[in-house]
Amino acid sequence: MASHKEFNAEQLGRVYFIRHGESTSNERNIFAGVLDVDLTSFGRLQARRAGVDLKKKGTKFDAVYVSHMRRARQTCEIALAESQALKSSDTPVQIDHRISEKSFGIFAGRNLNLLRLALGYEGFEEMLHSHNEAPPAGEKIAQVYSRAARFYEDKIVPHLERGETVLVVCHQYVLEPLALYLSGLPPTAYKHLKLPNGKALSGVDLVKFRDKESGGAASLRKEINDLSIMWAILIYATAFLLGSLARAIITSEAGIPSVLFRAIIVACLAASTFYTYLDIDFAASKRKVTSTVKYLVYGWMAVRWAVGLFLIFSGFLYQTEADLYKVLWVLFWMVPPALTSPVLSVLWGGNLYPSALLSRTLSIVAPLALLATLKVANLPINVDSLIFFGVILIVGLAIPGAIAQFWRDKSPVESNHHSKNWKFIGVLAVAFMALATGFQFTPSTFISDLFSSTAPNRSLACLQQLALATLVFVSMRVLAVLTSAFTKGKLSKAEARDAYILLVNPNFFLWAALFIGVSATANPEAVK
């Protein structure tokens, strides 16, 4: 095949391939295809690192070929400016449409995860990653393979035979078929890889990468990663319910030892925070959040706080320590959005930036205000548990978040590639945390209190807790739905989705830390 000719030629010359840096579509988890999108600021940083890599190799190019699409042209321009790798300043950067990205047809601009949910995992893989299937009005992998191979034979091989060095800057769904071609394999052997953005790979490196990433272990990891992200919310809910059910069935009075439970919460929250923040560019977020969505979310949180403070301090809700469990559910109404809100935004087709920036800001301000509320209200407080609350904020949130942002800045290619391959660790960490929390906070007498308790007061207290919890959850969703209805036309569809997520996705695990911080000795039946 032509690949044998390529390898013989590369004994004289060499070709390097670069996948463009992160684009706005990559960041928001949507298909771009033939949509002409720009690089993000992080993508520009990746392009500069590609240039630094080329400079370190001491590579000088006789010819450069690039896709006509902006994200590829921007990557090429930045990498060449950084590396100064052209043998001559007169060397033209040649555009070739045969290495433009695969067309995704009617799926262009659609959210990847929503499509997976709509098509089912197997249907999605078959339509997007099968050599002979394509989205409606889109291209098959076999078609991309054909045009990419023709480009290589027409443009690259002659340079290699003359002993020249060539740079090609294009797209993932072009480089993957080219890796097959260079391996001497037909398009029927195609497997979707997770090529790193902004990394310069020689032809030999590209083949080795394909061999490594198409193996059994890598394929299994990819499937686990895709499925865990696809079903993250269901996994979290199921884990919590399983933990609750296990506690009710085992009827364990002791629960998880306090020290062990706290260690689980901190470790899992740290892992989740790290993988969440590894995908977020906070510097860019500030510029991309409209004042409308800010005022909307902050406004509703202020209203919720006003209602919560009234209920706590008016005496209407909290009259004796026996009412303490009611206060705990009001505090749940007042906690900030979860720091995993950006994950939901990416999965549900949001705009990403509002969920990232606003959840972070509220997560800094609201917990401190909650602690002040507990103190001023003179509620029973366990000092050791409040210290643990501080540990959660610092060790579970601040430190891993800072490490993730530092790694993004220092190693944009490696950090991004790691996130794409191992994001399921963050999902599983939250699931394990939900499992442990469900087990720890479910009363061991839960089932008997509901259905067979001989003490009417215990059953009544249990039913009251369920009713209050249900009221809080329903109220949050009613406010969010009303917000969506009243802001129609004022917010984009994606921004409205982010506002909804921020209003219905409270930080359960911060609330759990507050729960631990309040002594339950006054009402052990109602609060465990």
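Notes on the structure in this doc start here. As a convention, each chain's residues are numbered from 1 in the sequence order in which they are written. It should be noted that, the model being predicted, local features are given only for residues of pLDDT at least 70 and side-chain atom pairs only at 80 or more, the latter also being counted only at that level, while totals for whole chains, interfaces and linings use all residues. The side-chain numbers reported here are obtained from all heavy atoms of the structure, hydrogens and water having been left aside.

Looking at the environment of V266
Position of V266 relative to the elements: it lies in helix α12 (residues 258-277). Exposure categories follow from relative accessible area, calculated using a 1.4 Å probe and restricted to protein chains: below 20% of the type maximum is buried, above 50% is exposed, and the middle band is partly exposed. Exposure remark for V266: the relative accessible area of 13% places this residue in the buried category. When the C-alpha atoms of V266 and F509 are compared, they prove to be 9.7 Å apart, with 243 residues separating the residues in sequence. Whether two residues are in contact is decided by their heavy atoms, any of which lying within 4.5 Å being enough. Non-local contacts of V266, meaning those with residues more than four positions away in its chain, are made with F388, V391, I392, V395 and G396. Starting at the N terminus, helices and strands are each numbered in turn, a helix being any DSSP run of H or I of at least four residues and a strand any DSSP run of E of at least two.

Some points on the nonpolar core
The set of buried Ala, Val, Leu, Ile, Met, Phe, Trp, Tyr and Cys residues whose side-chain atoms join them within 4.5 Å is what this entry labels a nonpolar core. Within the largest apolar cluster, 80 residues are counted, with the highest numbers of intra-cluster contacts made by V297, W329, L331, M334, I392 and W511. Looking at this core, the element that brings in the most residues is helix α15 (residues 324-334), giving ten residues. Beyond its immediate chain neighbours, meaning those up to four positions away, W329 contacts Q465, L468, A469, V472, F473 and W511. Core analysis: the second largest hydrophobic core is formed by 40 residues, F104, Y145, A148 and I156 among them.

Topic: a positive patch on the surface
Here, patches come from residues exposed beyond 30% relative accessible area and free of salt bridges, joined within 9 Å for like charges and within 5 Å for nonpolar side chains (Val, Leu, Ile, Met, Phe, Trp, Tyr). For accessible areas, the Shrake-Rupley method is used with a probe of radius 1.4 Å. Any residue's cover is judged against the shown protein chains and nothing else. Basic side-chain nitrogens of Lys or Arg form a salt bridge, by our definition, when they fall within 4 Å of a carboxyl oxygen of Asp or Glu. For this count, His and the chain ends are skipped, Lys and Arg are scored as positive, and Asp and Glu as negative. Charged groups are reduced to one reference atom each: NZ for lysine, CZ for arginine, CG for aspartic acid, CD for glutamic acid. Positive charge collects at one region of the surface, where R44, R48, R49, K56 and K410 lie side by side. Counting residues per element, the positive patch draws most heavily on helix α3 (residues 41-57), at four residues. With respect to the element layout, R49 can be found in helix α3. For R49, a relative accessible area of 30% gives the class partly exposed.

Details of the pattern of salt bridges
In the structure shown here, the tally under the stated rule is 16 salt bridges. Between K87 and D62 there is a salt bridge; the shortest N-O distance is 3.2 Å. Highlighted residues: K87 in the loop between α4 (70-83) and β3 (93-95) and D62 in the loop between α3 and β2 (63-66), separated in sequence by 25 residues. You can call K87 exposed: its relative accessible area is 52%. Residue D154 is joined to R98 by a salt bridge in which the shortest nitrogen-to-oxygen separation is 2.7 Å. Here D154, found in helix α7 (residues 141-161), pairs with R98, found in the loop between β3 and α5 (112-119); they are 56 residues apart in sequence, far enough to count as distant. Of the residues examined, D154 reaches a relative accessible area of 47% and is grouped as partly exposed. Linked by salt bridges that have partners in common, R116, E125, K194, K222 and D226 make up one network.

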